[in-house]
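# Residue-level structural notes
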Amino acid sequence: MNNMKVTNKQKNETKQPLSERIIKLTKHPVTIGAFLLIILFAFFASYSAIFDKKLDSNGDNIFYFTCGKAIAEGKGYTNIMGFEEYPHTHFPPGYSYFISGVMKIFPNDILAVKKVNGILMYLSIVLLFFIIHKITGNTILAFITCLTCCFQQDLLRFSTIMMSEMLYLFLTLLSVYLALFVYKKSFLKNKLFISIITVLLLFFLNYAFLTRSMGMAIVFAVLLWMCILCFQSFFLWLKTRKNSEIETQNNNLQLFIQRGILFLLIFVTFFSTRTLWQKRQERCGKVGIEYMNDFTKKIQGGKMETFEDWKIRLTSNINHATTKLIPHLLYVKPYKKEDKSTTKDWALGIFVAIIMVFGVLYLKEGTLLLLFYIGASLCALIFYPEQYQGSRYTVAIIPLLLFLTFNGISAFIGIGMKLFRKKWNPYILQSIVVIIFAFFFLLPAHSKSLDEQKKSAKIKSWKTSTDANYKNFMEGIEWCGNNLPDTAHIICRKPELYYMYTGLRKCGGFPQYCEVDSMYRLLKTKNTEYLIVDNWFRHAYVTLFPVVQKYPEKFKVLHKIGDVDTLRKINPVYVFQFNDEWGYHGDLVDGKKEGKGYELFQDGRKYVGEFSNDKVNGYGELYDSTGAMVAKGYWKDGFLVRAHF
């Protein structure tokens, strides 16, 4: 009899449509395990191929590392690279505290921190798999999206350096997963378990904000989504209060109360976290959030003041995001930032946007949550200063953009089949089209895009870099480390690189934009003795070099690296010695030396006496570098014409 039952069951399964049997097969735990295993192998292969043991030249990752080092050593969230150690106020503290935890196990191990970032990326991909599986029920779609993420160049780059992107990606995806899990669960039926999930959701949301200021996007998205769900539950309860059973009414009322409590908890905890962080910043002398203040900055300095200023910024950012950035992230379309967008670029960008909109609208659940989160992230980037255009600020939403692209393609196929074959299940055709698109178009392009990172990983030192401006700057740092005193007060554009490559020697920085005389006063205030002027970042030639040009007598060239190459946009790197005592000190008329004073020359000699017409004219005395008098008498245009003995 049992055998007969089994046989009938098998017959019934055989009668099921092919699409339903395939769906059932893809959702089987063994199939899911196989997909996850393939993703693991793919990630390990690509990650190990591009893993770069060198310290990344992006200075921010060194700030994170040194702040983590300070926390691990018991100094708190402190900047330890400058001449004076002081509380760090630029970056949020979340990632540095994470690094300090890694350092408790692997002290001062840069490679360990890099590898942990790789682990965070893999865990994020696994989380993405289960999020997609939950909101679409499509295992193949989840697999293809996660497999593509394993080869996405921007994700892989930030998974090998000490930056906050991977921790932020993990925290935001975990917050999305927990929010999707908890929003329709009953507190009464699973009190302890749901309470634990709720506490974890609150913790990870706030930690995301403390990791990156952009974390406000995920907090805002969850809050707005929960608010809408709360109202939805309230109206549903009103609707069913008279005509439904008591149990249904109670369930709807309970859901409304639960979502209302969750909304309040998220709001209160975030407001408290943000307030505490701001209070800490204010105690350290910092007013406002650094990145919020950046919203009003212009590219060439100054503040956003007029409607025209905002119009120019929004036009530039929308153009860049639509025609360059998003096509590059999804389809590895190469571009140059300075190139003008063509009609073809706009057509492709708008088409991609339409596909992703379909991808959002075709979701079974979580539609508004993802829409709010991605929308908030993109809106922040559109309003952000143009100089921050780039993939770095979109890393956390790249996996979701890829998913929405695949889901949008799937949606087009599904809608088309319903128009022509209403009784057909489009699952098989949808899966085939997505697989073909991924394996024949996206994956080969993403895999090829890793070639440059693979080449870079094989380069063992900056000395073999092909970037002449970067190499010259690093040679300048090396020269200073070998030839200047350990206690030298030196400033440069990237003091963090100086700190790391000179054996943890202190170094100072300077503003990106500053008026010449203000910069000169700042050099004196900082007791500057040496400075490096480089062309790797334009700020040194824009901000420091004009000071040298205006006060040449105050600066002496100690070392020069490279020559001018206008075609390759290369300028020499200079190491200057600065001494405010050098030059003229005395009476001036119309900005010229006129009257009595003294002039200290860079070789140590000193003239004391009379000046006229901006030159040495009249009676004066000349001393050598030891202070011994070598000549005195009357001078004309800098020459001794009558000596006195």
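Sequence order as written defines the numbering, with residues in each chain counted from 1. Predicted model: local features are reported for residues with pLDDT of at least 70 only, side-chain atom pairs are reported and counted for 80 or more only, and whole-chain, interface and lining totals are derived from all residues. Side-chain measures were taken over the full set of non-hydrogen atoms in the model, leaving aside hydrogen atoms and water.

The helix and strand labels rest on DSSP assignments: H or I over at least four residues marks a helix, E over at least two residues marks a strand, and numbering proceeds from the N terminus. Mapped onto the secondary structure, T405 falls in helix α17 (residues 398–420). With residues up to four places along the chain from it excluded, the contact list for T405 reads L330, Y331, I355 and M356. Contact between two residues is taken to exist if any of their heavy atoms lie within 4.5 Å; hydrogens are not considered.

Counting 149 residues, the largest nonpolar core has I39, F129, W225, Y373 and I532 as its most contacted members. Examining the composition of this core, we find that 14 residues originate from one element, helix α6 (residues 110–136), more than from any other. Definition used in this section: a nonpolar core is a set of buried Ala, Val, Leu, Ile, Met, Phe, Trp, Tyr and Cys residues joined via side-chain atoms within 4.5 Å. Burial here depends on accessible area, computed with a 1.4 Å probe over protein chains only, as a share of the maximum for the residue type. Under 20% is buried, over 50% is exposed, and the range in between is partly exposed.

To continue, consider the state of the cysteines. The disulfide definition used here is simple: a pair of cysteine sulfur atoms within 2.5 Å. All chains considered together, the criterion is met by zero disulfides. There is no disulfide at C146, and the cysteine sulfur nearest it, in C149, is 5.9 Å away.

Our focus in this paragraph is the sheet that holds strand β6 (residues 573–578). At least two bridges found by DSSP between two strands are what make those strands a pair. One open sheet accounts for four strands, arranged β3-β4-β6-β5; its pairing is mixed. In this open sheet, the two strands that pair with only one neighbour each are β3 (490–491) and β5 (555–561). The pairing of β3 with strand β4 (residues 530–533) spans two bridges and is classified as parallel. In the sheet register, I490 faces β4, and the bridge partner there is Y530.

Read from one edge of the open sheet, six strands run β7-β8-β9-β10-β11-β12, paired in antiparallel fashion. Bordering the open sheet on either side are β7 (583–589) and β12 (639–643), each of which pairs with just one other strand. Between one strand axis and the next, the sheet turns through 25° on average, direction left out of account. Relative to strand β10 (residues 615–623), strand β9 (residues 606–612) runs antiparallel, the two sharing six bridges. Note that in β10 the partner of G609 across the bridge is G620. Between N-to-C directions, angles span 0 to 180 degrees; the directions come from axes that are lines fitted to C-alpha atoms, helices contributing only their stretch in contact.

In this section: the packing of aromatic side chains. In this scheme Phe, Tyr and Trp rings, the latter by its six-membered ring, pair at centre separations within 6.5 Å, and the angle between planes marks the pair as stacked below 30 degrees, edge-to-face above 60, and tilted otherwise. If you walk through the whole model with that rule in mind, you get 37 aromatic pairs. Each ring, one from F43 and one from Y47, has its centre 5.2 Å from the other, and the planes form 20°; the classification is stacked. You can see F43 and its partner Y47 sitting in helix α3 (residues 29–50), four residues apart, about one turn around the helix. On the accessibility criterion, Y47 (10% relative accessible area) is buried. Judged by centre distance (5.6 Å) and plane angle (65°), the rings of F234 and F235 are edge-to-face. On the basis of relative accessible area, F234 is assigned to the partly exposed category, the value being 26%. Aromatic rings pair up to connect Y520, Y541, F545, Y551, F555, Y574, F576 and F578 into one cluster. Each ring is checked for a lysine NZ or an arginine CZ that lies within 6 Å of its centre and within 35 degrees of its normal; such an atom marks a charge sitting over the ring. Above the face of the F158 ring, R157 is positioned so that its terminal group lies 5.4 Å from the ring centre. Sitting above the plane of the Y598 ring, K606 keeps its charged end 4.5 Å from the centroid.

This part covers the pairing of strand β11 (residues 629–636). Bridge count for β10 against β11 is six bridges, and the pairing is antiparallel. Across the sheet, Y623 pairs through a bridge with M629, a residue of β11. Turn length for the β10-β11 hairpin, with the two strands adjacent in sequence and antiparallel, is five residues, and the turn residue G627 shows positive phi of about 100°. Where β11 meets β12, four bridges bridge the pair, whose relative direction is antiparallel. Opposite K636, over in β12, you have F639 as the bridge partner. Where β11 hands over to β12, the hairpin turn is made up of two residues, of which D637 adopts a positive phi near 50°.

The way it works is a 1 Å grid over only the protein atoms, where trapped points that fit a 1.4 Å probe form a cavity and open points with protein on both sides within 12 Å along at least five of seven lines form a pocket, and then any residue with an atom within 4 Å of a point lines it. Grid points are joined across faces, edges and corners, and a volume is the space filled by probe spheres set on the points. Quantified by volume, the second largest pocket comes out at close to 520 Å³. Put simply, the parts of the chain that give the lining of the second largest pocket at least two residues each are α14 (307–331), α15 (343–361), α16 (367–383) and α17. Element by element, the count of residues in the lining of the second largest pocket is highest for α14, at eight residues. Counted by class, the lining of the second largest pocket contains 21 nonpolar, eight polar and no charged residues. Residues are sorted three ways: Asp, Glu, Lys and Arg are charged, Ala, Val, Leu, Ile, Met, Phe, Trp, Tyr, Cys and Pro are nonpolar, and all the rest, Gly among them, are polar.

Looking now at a nonpolar patch on the surface. Together, L429, I432, I435, I436, F439, F440 and F441 give the surface a local cluster of nonpolar side chains, amounting to about 670 Å² of exposed area. In this structure, I436 sits in helix α18 (residues 427–448). Each patch is built from residues that are more than 30% exposed by relative accessible area and take part in no salt bridge. Like charges join if they lie within 9 Å; nonpolar side chains (Val, Leu, Ile, Met, Phe, Trp, Tyr) join within 5 Å. Computed with a 1.4 Å probe, the accessible areas rest on the Shrake-Rupley method; for each residue, only the protein chains presented here act as cover. The salt bridge criterion pairs a side-chain nitrogen of Lys or Arg with a carboxyl oxygen of Asp or Glu, the two atoms within 4 Å.

A few words now on the side chain of Q281. One can find Q281 in helix α12 (residues 246–283). Pairs of N or O atoms are called polar contacts if they sit within 3.5 Å, as long as, within protein, a hydrogen donor faces a hydrogen acceptor (for residues adjacent in sequence, only side-chain-to-side-chain pairs). A polar contact is formed between the side chain of Q281 and the side chain of R280, at a distance of 2.8 Å. With residues near it in sequence (within four places) discarded, Q281 still touches H88, T89 and K286.

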